[in-house]
Each structure stands twice: as structure tokens, then as C-alpha cells.
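Chain by chain, the residues run as shown.
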Amino acid sequence: MKKHERINRQAEMFSLIDKWQESGKAQQSFCQEHEITFTTFYYWLRRYRREIDESNFLPVEISSGSNIEIRYPDGIILQLPAATKLSTLEQLLHL
């Protein structure tokens, strides 16, 4: 599997994990509805959780407003205009 295919697969599975979390359904039921095996789901859930743990950031919540606010774990708050480019945000998050 090529790198871009692995990245696409990860994005697809992480999106399914997000949908499962929002659904409130049991993991087994969710897997049946989306026609994936429980072992595949669980594998990606572990990878998802490991990635979240490694980032030390909370999930991002996007709302309509005029500013973007980033709260770092050490308490620093960074406010930026909503029109800030995504590439600039990525650079700030990876410092």
C-alpha cells in the first residue's frame, strides 16, 4: 500500500470513529451498520486514541465567529482572525 493510500485509509477510518462517537451506538452495532469487522474497527480505534494521546491537544470545535482561538495545554491562548490560512494554523500547531 502506498503512503497516500495509507493516509486516505487512516482519514476514512478516523472519520468513521468520529461518526461512531457522535452516534452513541454500541461498537458492535455501529460496525454492523457500516459493514466493517469489529477487529478492524478496534484496530483503528486504538490508533485513533494513540494519536490523540500523542498530540496533547483536545479535539477542535469549529463554530461560526470572527476569531479562531487556540488553547495550548500550558494555558496560553492564541486568537487569530477567522480568515487565517490553514497552512498558518498547521505551522502554529506544530511548534
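These numbers were taken from a predicted model, which means no experiment stands behind them.

### What about the overall build of the protein?
For the protein, the count of helices and strands is four helices and two strands. Its helices and strands in sequence order give the protein the pattern α-α-α-β-β-α, from N to C terminus. In the protein, buried positions account for 19% of the 95 residues. Put simply, of all contacts in the protein between residues at least 6 apart along the chain, 27% involve residues at least 24 apart. Summed over its atoms, the accessible surface of the protein is roughly 7,800 Å², and 52% of this surface lies on carbon and sulfur atoms.

### Structural notes on the pairing of strand β2 (residues 77-81)
Look at any regular strand and the pattern is simple: side chains alternate between the two faces of the sheet. Here strand β1 (residues 67-71) pairs with β2 via five bridges, running antiparallel. Within β2, the position partnered with I70 by the bridge is L78. The antiparallel hairpin formed by β1 and β2 contains five residues in its connecting segment, where G75 sits at a positive phi of about 100°.

### A look at the confidence of the model for the protein
On average, the protein scores 82 in pLDDT, and the residues at 70 or more come to 82%. Ranking the helices and strands of the protein by mean pLDDT puts helix α2 (residues 27-33) first, with 94, and helix α4 (residues 86-93) last, with 77.

### Details of the pattern of salt bridges
Going through the model one piece at a time under the given rule, you end up with two salt bridges. Ionic pairing is found between R9 and E12, a salt bridge with its closest N-O pair at 3.6 Å. Remark: E12 and R9 occur in helix α1 (residues 3-23); sequence separation between them is three residues, near one turn of the helix.

What counts and what doesn't
- Residues numbered from 1 in each chain as written.
- Predicted model: local features only at pLDDT ≥ 70, side-chain atom pairs only at ≥ 80, totals over all residues.
- Heavy atoms only, no water.
- Helix = DSSP H or I, 4+ residues; strand = E, 2+ residues; numbered from the N terminus.
- Buried < 20%, exposed > 50% of the residue type's maximum accessible area, 1.4 Å probe, protein only.
- Contact = heavy atoms within 4.5 Å.
- Areas by Shrake-Rupley, 256 points an atom, 1.4 Å probe, with all protein chains shown as cover.
- Pairing = 2+ DSSP bridges.
- pLDDT = per-residue confidence, 0-100.
- Salt bridge = Lys/Arg side-chain N within 4 Å of Asp/Glu carboxyl O.

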